[in-house]
Amino acid sequence: MDYYELLGVQKTASEDEIKKAFHKLAHKYHPDKGGDEKKFKEINEAYQVLSDKQKRAQYDQYGRVFEQGGAEAGQGFNWAWGNGAQGDNVEFDMGDIGDVFEEFFGNGAFGGARRTTKKDTRKGKDIQVDIEINLERTLKESVEKINLVKQVVCHRCAGVGAEPGTKVKECVACRGSGQVQQVKKTIFGSFTTLGTCPECKGEGIIPEQPCNVCKGEGRTKGQETIEINIPAGIDTNQVIRVDGKGEAGKKGAKAGNLFVRIFVKKSSVFERRGDDLFSFVDINFSQAALGDKVEMKSLEGTNILLEVPAGTETGKVLRISGKGIPHFGGYGRGNLYVEFKVKTPKKLSRKQKELFDQLKKEGI
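Residues numbered from 1 in each chain as written. Predicted model: local features only at pLDDT ≥ 70, side-chain atom pairs only at ≥ 80, totals over all residues. Heavy atoms only, no water.

### Points about the overall build of the protein chain
Then, in step 1: On a plain count of helices and strands, the protein chain comes out with seven helices and 15 strands.
Then, in step 2: Expressed as a percentage of the 364 residues in the protein chain, the buried residues total 37%.
Then, in step 3: For the protein chain, restricting intrachain contacts to residue pairs at least 6 apart in sequence, the fraction spanning at least 24 positions comes to 63%.
Then, in step 4: Accessible surface computed for the protein chain: about 22,400 Å², of which carbon and sulfur atoms make up 47%. (Helix = DSSP H or I, 4+ residues; strand = E, 2+ residues; numbered from the N terminus. Buried < 20%, exposed > 50% of the residue type's maximum accessible area, 1.4 Å probe, protein only. Contact = heavy atoms within 4.5 Å. Areas by Shrake-Rupley, 256 points an atom, 1.4 Å probe, with all protein chains shown as cover.)

Dropping the structure here:
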């Protein structure tokens, strides 16, 4: 059994890295959390050695046998509290592991009830959906309608979970708290914890007569059309949260939320970089040499008149202010950058060839 491998760290790991690795694994394998008791003992054994400079140095030099006192490998490890360990047993450092115990068992003494925050098991789940929009739709706020098949409030009992005209009563077993005390025996002794009530499944209430439609859940499978407001300037992977539009909760509990992730389609004309747009415009030799005015379509679809300076070469860029994407959640817009490309003709008429011959003779 390699201690470094057990904790998932390199042999060059710092004390802080070893401590963080141990805490992470302790949370995962702690018996009181339903973890593997044997595994928990092993990672603690590894931590108690690697967290001690002297023991770690001995381990690095001689291996695990240095602490066995002649015992067979894998045996002889006992739990010791404070400094009362006997023989070659590894001592358990309560100072290092104190924060782990505090999180597992609360601030009370061992054997006292563990205080936990009651989790509403009836709350509806969150939903995430993806929406794809065109680049043009980022120019202004828009509305998207989506149809979701999900858990909705039961139409018969209005989410209560009981047949109309019947009552919902408080759970006798937990007195409406949804939690009951449980005594658990672990390697550290017996601990009293709060667990989910088995009678009401943590809901705290039980209908006298469950609803015939939803069977007491207060919700059923259904479809809902939801309008999503998409802000101007939104970009790919931004997420819009719509409160209360996720799965309906059980028996009238709070619904989950809807999270809408946006994907903006790529344009064949414009490239988006942040809130700026980039595009290309082809010009011919005469326009490049003499200068000219050319038109191009903006993202909105309107015409933009571009001034081509005389002597323009391929790669020259013009900036048109305020013709990019609106700033998300703010004022103003990005810019549009237009790069000119001087187009070389592939086929020339006889007259064009004659003209180019004359230009050639003139050194152009």
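### Some points on the sheet that holds strand 15 (residues 336-342)
In any sheet, the strands associate via hydrogen bonds between backbone groups, in a parallel or an antiparallel arrangement.
Then, in step 1: Strand order across the open sheet formed by four strands is 10-11-15-14, with mixed pairing between neighbours. If you trace the sheet from one side to the other, it starts and ends with strand 10 (271-273) and strand 14 (317-320), each paired once. Across the sheet, the mean angle separating the axes of adjacent strands is 30 degrees when strand polarity is ignored.
Then, in step 2: The pairing of strand 14 with strand 15 spans four bridges and is classified as antiparallel. Bridging across to strand 15, I320 finds its partner in L336. (Pairing = 2+ DSSP bridges. Axes fitted to C-alpha atoms, helices over the stretch in contact; angles between N-to-C directions.)

### Notes on helix 7 (residues 350-361)
Then, in step 1: Here helix 7 is twelve residues long and its end C-alpha atoms lie 17 Å apart, about the 16 Å a rise of 1.5 Å per residue gives.
Then, in step 2: Where helix 7 ends, the next residue or the one after it, G363, has phi of about 85 degrees, a positive value. (Expected span 1.5 Å × (residues − 1).)

### So, the packing of helix 2 (residues 15-29) against helix 3 (residues 37-50)
Then, in step 1: Contact pair helix 2 / helix 3: the axes reach a minimum separation of 10 Å and the direction vectors enclose 165 degrees. Classified by the angle between their axes, helix 2 and helix 3 sit roughly antiparallel to one another. Where helix 2 crosses over helix 3, the two elements pack in a sense that is left-handed. Contacts from I18, K19, F22, L25, A26 and Y29 of helix 2 reach helix 3 at K39, F40, I43, N44, Y47 and L50.
Then, in step 2: Of the residues in the contact of helix 2 with helix 3, the class split is nine nonpolar, one polar and two charged. (Parallel < 35°, antiparallel > 145°, perpendicular 65-115°, else oblique. Left-handed = near helix turned anticlockwise from the far one by under 90°. Nonpolar A, V, L, I, M, F, W, Y, C, P; charged D, E, K, R; others polar.)

### Observations concerning helix 3
Then, in step 1: Helix length check: helix 3 (14 residues) gives 20 Å between terminal C-alpha atoms against 20 Å at 1.5 Å per residue, within 8%.
Then, in step 2: The complete set of buried residues in helix 3 reads F40, I43, N44, E45, A46, Y47, Q48, V49 and L50.
Then, in step 3: The N-cap of helix 3, judged by a side-chain oxygen 2.9 Å from the amide nitrogen of K38 a few residues on, is D36. (Polar contact = N/O pair within 3.5 Å; in protein donor to acceptor, adjacent residues only side chain to side chain.)

### Some details on the pairing of strand 8 (residues 239-242)
Then, in step 1: Side chains I240 and V242 project from strand 8 onto a buried face, and the interleaved V239 and R241 project onto a face without burial.
Then, in step 2: Two elements, strand 8 and strand 9 (residues 258-264), share four bridges in a ladder whose sense is antiparallel. Bridging from a neighbouring strand, R241 pairs with F259 of strand 9.

### Quick look at the sheet that holds strand 1 (residues 127-133)
Then, in step 1: One open sheet accounts for three strands, arranged 1-9-8; its pairing is mixed. Looking along the sheet, the strands with just one partner apiece sit at the ends: strand 1 and strand 8. Within the sheet, the average angular offset between the axes of one strand and its neighbour, ignoring direction, is 25 degrees.
Then, in step 2: Bridge count for strand 1 against strand 9 is seven bridges, and the pairing is parallel. Its bridge partner lying in strand 9, I127 is registered against L258.

### Topic: the pattern of salt bridges
Then, in step 1: If you walk through the whole model with that rule in mind, you get 16 salt bridges.
Then, in step 2: The shortest N-O distance in the salt bridge between E217 and R219 comes to 3.2 Å.
Then, in step 3: Taking relative accessible area as the criterion, E217 reaches 30% and is therefore assigned partly exposed.
Then, in step 4: A salt bridge links E300 to R333; its shortest N-O distance comes to 2.7 Å. You can see E300 sitting in the loop between strand 12 (292-297) and strand 13 (303-308) and its partner R333 sitting in the loop between strand 14 and strand 15, a full 33 residues away along the chain.
Then, in step 5: In this structure E300 comes out as partly exposed when scored by relative accessible area, which is 35%.
Then, in step 6: Residue class for R333 comes out partly exposed when judged on its relative accessible area of 28%.
Then, in step 7: Through salt bridges with shared partners, a single network forms among K150, E224 and K245. (Salt bridge = Lys/Arg side-chain N within 4 Å of Asp/Glu carboxyl O.)

Keep in mind these numbers describe shape, not what the thing actually does.
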